[in-house]
Amino acid sequence: MIHELLLALSGYPGTIFTWNKRTGLQVSQDLPFLHPSETSVLNRLSKLGSDYIRFTEFIEQHTGHVHPQEHHTNQPNQTGLHGIYLRAFCTGLDSMLQPYRQALLDLEQEFLGDPHLTISHVNYKLDQFQLLFPSVMVVVETIKSQKIHGCQILETVYKHSCGGLPPVRMALEKILAVCHGVMYKQLAAWMLHGLLLDQSEEFFVKQGPSAGGAAANQEEEEEDLGLGGLSGKQLRELQDLRLIEEENMLAPSLQQFSLRTEMLPSYIPIRVAEKILFVGESVQMFENHNHSPSRAGSLHDLSKTQTAHSGRGELRYCCVIDSYASTLSHLWTLMVEESDLLEQLKIIKDFYLLGRGELYQVFIDLAQHMLKTPPTAVTEHDVNVAFQQAAHKVLLDDDNLLPLLHLTVDYQGKDSKGSTGPRDGATPPQDTSPREVPPTGWAALGLTYKVQWPLHILFTPAVLEKYNVVFRYLLSVRRVQSQLQHCWALQMQRKHLKSSQTDAVKWRLRNHMAFLIDNLQYYLQVDVLESQFSQLLQQINSTRDFESIRLAHDHFLSNLLAQSFILLKPVFHCLNEILELCHNFCSLVSQTVASLDERGTAQLDILVKGFRRQSSLLFKILSSVRNHQINSDLAQLLLRLDYNKYYTQAGGTLGR
């Protein structure tokens, strides 16, 4: 019977110890010579045999390393689980079972030497596995039931290894070390050679754009920021600009990569993952352009971590990755000196951030009639002609620069993958949906810039789209300011005519609107853009580390979006309402040569009430947080609007 027990515990049940797929290994009930206490001990041991059989089934199913047993048929993998991380887990699991197999062999030798040993001796020898096997079985069942894949297996094993049972922790750490061997080889291939060896999509670096962008945007739309500033989650999403990658059309030989965040284990910080992504992209960039960055020192250390690390060596490889990233200092020379990064930033500032104000002033005048109606298939061509004409009028005749800039107009029915294809770096505007008709061409206007190698690793399509968001906002403010100035010119032309009470209301409203828009424009251009841009240049000039430049640039762009209130919904919505009211007012004034008729007076009254309401709301929002340090941007805008206390004396309401 003892030999029957040892065979059953080894995965070979018989007539005394029977196997059932649902209940597992059990002592036969037809043995009258067994005392109930003996049956209880044998059933306790049978649980070990059941777990061992299920372990070997799992290993065989996914690796074929274990010979098939008589108690089950050898069926192909029907669970959908696959991949090299799963095979590594099975390899580690098989090595974890080796002490158990050795314990059974030792017991067989002991029973052959002393036939008088009892079942209690078997129970004593195998007691160390009574806690281990059920705990590891939980991990196996979790992987099977949740179909855990790739690097997610690392996270599952790691979480279960954080318990308080030393035998369980040590066993799972050994399994984790085997799984880490796969990850280290993928890391070495990626960071040493720029190769992404991931046929089953298991690694946390992937080729192509991030899959979570749309869901994140939807969640951001549903979440109200309130008046307290940005939430931590939204700030992280904003600063993680490199996660939302688009198709790279800048250099066909280079492929775009992004993080597969759902595969990233929790013990690898996102900062380290971004460095891994950045280093691999940089190495691939040099490989594809016949450059050969130095790979000595810390680079060689990374390949050694495949065997040097065990269980929880994540701190070591984090340091190795940091060290390797720092060895790419020559990338700073390539980007800043050879590619003239500062000049590229100035181009971005001039065109995306309206630094060339005279250019856009002329462009607004030339394109006004083209973009005041819903766009058509020819609108994009027409506005680009107008843009070129505006550039020539302001003596901007750089033949090398202008071909790199292109205005895009999204319209209903436009196919971004048409015969001509989008220009390099092009991304669709975010203000409108392809299924909706843009109300005007201005709402569908965007700017693309063909970034030259190797600056594309800094100015990614996702980054350029963030600039596009700021571009559309700044252009709308500049356009309204220009319209209000045009209304002032009309007022000067008609000042010799007899005026009425309605005219007084009209021109007073224009004055208040111009007061607000002019100060908003000054705040955006001076307090935000010039201030942040000078800080960015200072940070670039004070470092020779390219990654520090990239982080400084991401921080610069994040501050633009935050300080211009694009992300602070109550303020941004209020400002947009004010801009719309100003635009409607200018349209009313421009269309009416003489005094307003009854209908025009009614429209003017609606505009006056709307502007009062929105200006009052803006004042309340700005005043409510003027003493909060986190909302210093709001306080600065309030300072611009209320520098002479006129806003306060008017009761926080303009347009009276």
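Residues numbered from 1 in each chain as written. Predicted model: local features only at pLDDT ≥ 70, side-chain atom pairs only at ≥ 80, totals over all residues. Heavy atoms only, no water.

Topic: the overall build of the protein chain
Point 1. For the protein chain, the count of helices and strands is 24 helices and 6 strands.
Point 2. Within the protein chain, the fraction of its 656 residues that count as buried is 52%.
Point 3. Across the protein chain, every contact between residues at least 6 apart in sequence was considered, and the portion connecting residues at least 24 apart equals 76%.
Point 4. Only carbon and sulfur atoms are counted for the fraction: they give 52% of the accessible area of the protein chain, which is about 30700 Å². (Helix = DSSP H or I, 4+ residues; strand = E, 2+ residues; numbered from the N terminus. Buried < 20%, exposed > 50% of the residue type's maximum accessible area, 1.4 Å probe, protein only. Contact = heavy atoms within 4.5 Å. Areas by Shrake-Rupley, 256 points an atom, 1.4 Å probe, with all protein chains shown as cover.)

Considerations on the environment of V451
Point 1. Assignment of secondary structure puts V451 in the loop between β6 (445–449) and α18 (461–493).
Point 2. Residues V451 and P461, spaced 10 residues apart in sequence, show a C-alpha to C-alpha distance of 9.3 Å.

Description of the nonpolar core
Point 1. By size, the foremost hydrophobic cluster in this structure holds 180 residues, and its most contacted members are F89, L126, F204, F363 and Y467.
Point 2. For this core, the two domains that each supply at least three residues are domain 1 (1–65 + 81–186) and domain 2 (342–413 + 437–650).
Point 3. Setting aside residues no more than four positions away along its own chain, Y467 makes contact with I348, Y352, L353, F459, H553, F556, L557 and L560. (Core = buried A, V, L, I, M, F, W, Y, C linked by side-chain atoms within 4.5 Å. Domains from an automatic or database assignment.)

Quick look at helix α17 (residues 379–393)
Each α-helix turn comprises 3.6 residues. Residues three or four places apart therefore point the same way.
Point 1. The end-to-end C-alpha distance of α17, which contains 15 residues, comes to 21 Å, matching closely the 21 Å that a straight helix rising 1.5 Å per residue would cover.
Point 2. Those residues of α17 that fall on the buried side of the exposure criterion are T379, E380, V383, N384, A386, F387, A390 and A391. For α17, the arc enclosing every buried residue in end-on projection is 160°, short of the 170-degree limit, so these residues lie on one face. Turned more than 90 degrees away from the buried face of α17, the exposed residues are H381 and K393. (Expected span 1.5 Å × (residues − 1). Arc of directions from axis to C-beta.)

Quick notes on the packing of aromatic side chains
Each aromatic ring pair is summarised here by two numbers: the centre-to-centre distance and the angle between the ring planes.
Point 1. Scanning the model with the defined rule gives 18 aromatic pairs in all.
Point 2. When the ring of Y352 is compared with that of Y467, the centres are 5.8 Å apart and the planes differ by 40°; the resulting orientation is tilted. On the criterion of sequence distance, the pair formed by Y352 in the loop between α15 (341–351) and α16 (357–371) and Y467 in helix α18 is long-range, its members being 115 residues apart.
Point 3. Overall, Y352 belongs to the buried group, its relative accessible area being 1%.
Point 4. Residue Y467 is classed as buried on the basis of its relative accessible area, which comes to 0%.
Point 5. Through a chain of ring-to-ring contacts, three or more aromatic side chains come together here, namely Y352, Y360, F363, F387, W442, Y467 and F471. (Phe/Tyr/Trp six-rings, centres within 6.5 Å; stacked < 30°, edge-to-face > 60°.)

Quick look at the state of the cysteines
Point 1. Counted by the stated rule, this structure contains 0 disulfides.
Point 2. C179 provides the cysteine sulfur closest to C151, a residue in no disulfide bond, and the two sulfurs are 9.7 Å apart. (Disulfide = S-S within 2.5 Å.)

Details of the environment of D340
Point 1. Mapped onto the elements, D340 comes out in the loop between α14 (330–338) and α15.
Point 2. Remark: the alpha-carbon pair of D340 and L455, spanning 115 residues in sequence, is separated by 9.4 Å.

As for the pattern of salt bridges
Point 1. The full count for this structure, using the stated rule, is 12 salt bridges.
Point 2. Across the pair E530 and K349 runs a salt bridge, and its minimum N-O distance is 2.9 Å. In this pair, E530 is assigned in helix α19 (residues 501–541) and K349 in helix α15, connecting sequence segments 181 residues apart.
Point 3. According to the relative accessible area criterion, K349 is buried, its value standing at 13%. (Salt bridge = Lys/Arg side-chain N within 4 Å of Asp/Glu carboxyl O.)

Some details on the pairing of strand β2 (residues 24–27)
Point 1. Sheet topology places strand β1 (residues 17–20) next to β2; 4 bridges connect them, and they run antiparallel. Counterpart to T18 in the pairing with β2 is Q26.
Point 2. Adjacent in sequence and paired antiparallel, β1 and β2 are bridged by 3 residues. (Pairing = 2+ DSSP bridges.)

Focus on the packing of helix α3 (residues 84–96) against helix α6 (residues 129–146)
Point 1. Viewed as axis vectors pointing N to C, α3 and α6 meet at an angle of 165°, and their least axial separation amounts to 13 Å. Taken together, the axes of α3 and α6 lie roughly antiparallel to each other. The handedness of the crossing between α3 and α6 comes out as left-handed. Each of L86, F89, L93 and M96 in α3 lies in contact with α6, whose residues at this interface are L132, F133, V136, V139, V140 and I143. (Axes fitted to C-alpha atoms, helices over the stretch in contact; angles between N-to-C directions. Parallel < 35°, antiparallel > 145°, perpendicular 65-115°, else oblique. Left-handed = near helix turned anticlockwise from the far one by under 90°.)

Observations regarding the packing of α16 against α18
Point 1. The N-to-C vectors of α16 and α18 enclose an angle of 75°; their axes lie 10 Å apart at closest approach. With respect to each other, α16 and α18 are oriented roughly perpendicular. Along the contact surface, α16 presents Y360, Q361, I364, D365 and Q368, while α18 presents F471, L475, R478, R479, S482 and Q483.
Point 2. Tallied by class, the residues present in the contact of α16 with α18 amount to 4 nonpolar, 4 polar and 3 charged. (Nonpolar A, V, L, I, M, F, W, Y, C, P; charged D, E, K, R; others polar.)

Considering unusual backbone geometry
Point 1. A positive phi angle, close to 60°, is found at L354, a residue other than glycine.
Point 2. What makes L354 buried here is its relative accessible area of 6%.
Point 3. The phi dihedral of F565 falls on the positive side, at around 70°, and the residue is not glycine.
Point 4. When you line up the elements, F565 lands in the loop between α20 (546–563) and α21 (569–591).

Quick look at the environment of Q256
Point 1. Its place among the elements puts Q256 in the loop between α10 (232–239) and β4 (257–259).
Point 2. Once the C-alpha coordinates of Q256 and K206 are considered, the two residues, 50 residues apart in sequence, prove to be 8.8 Å apart.

Description of the pairing of strand β5 (residues 405–409)
Point 1. Of all 5 residues that make up β5, 5 are buried, and the element is covered over most of its length.
Point 2. Here β5 pairs with β6 via 5 bridges, running antiparallel. Opposite V409, over in β6, you have L445 as the bridge partner.

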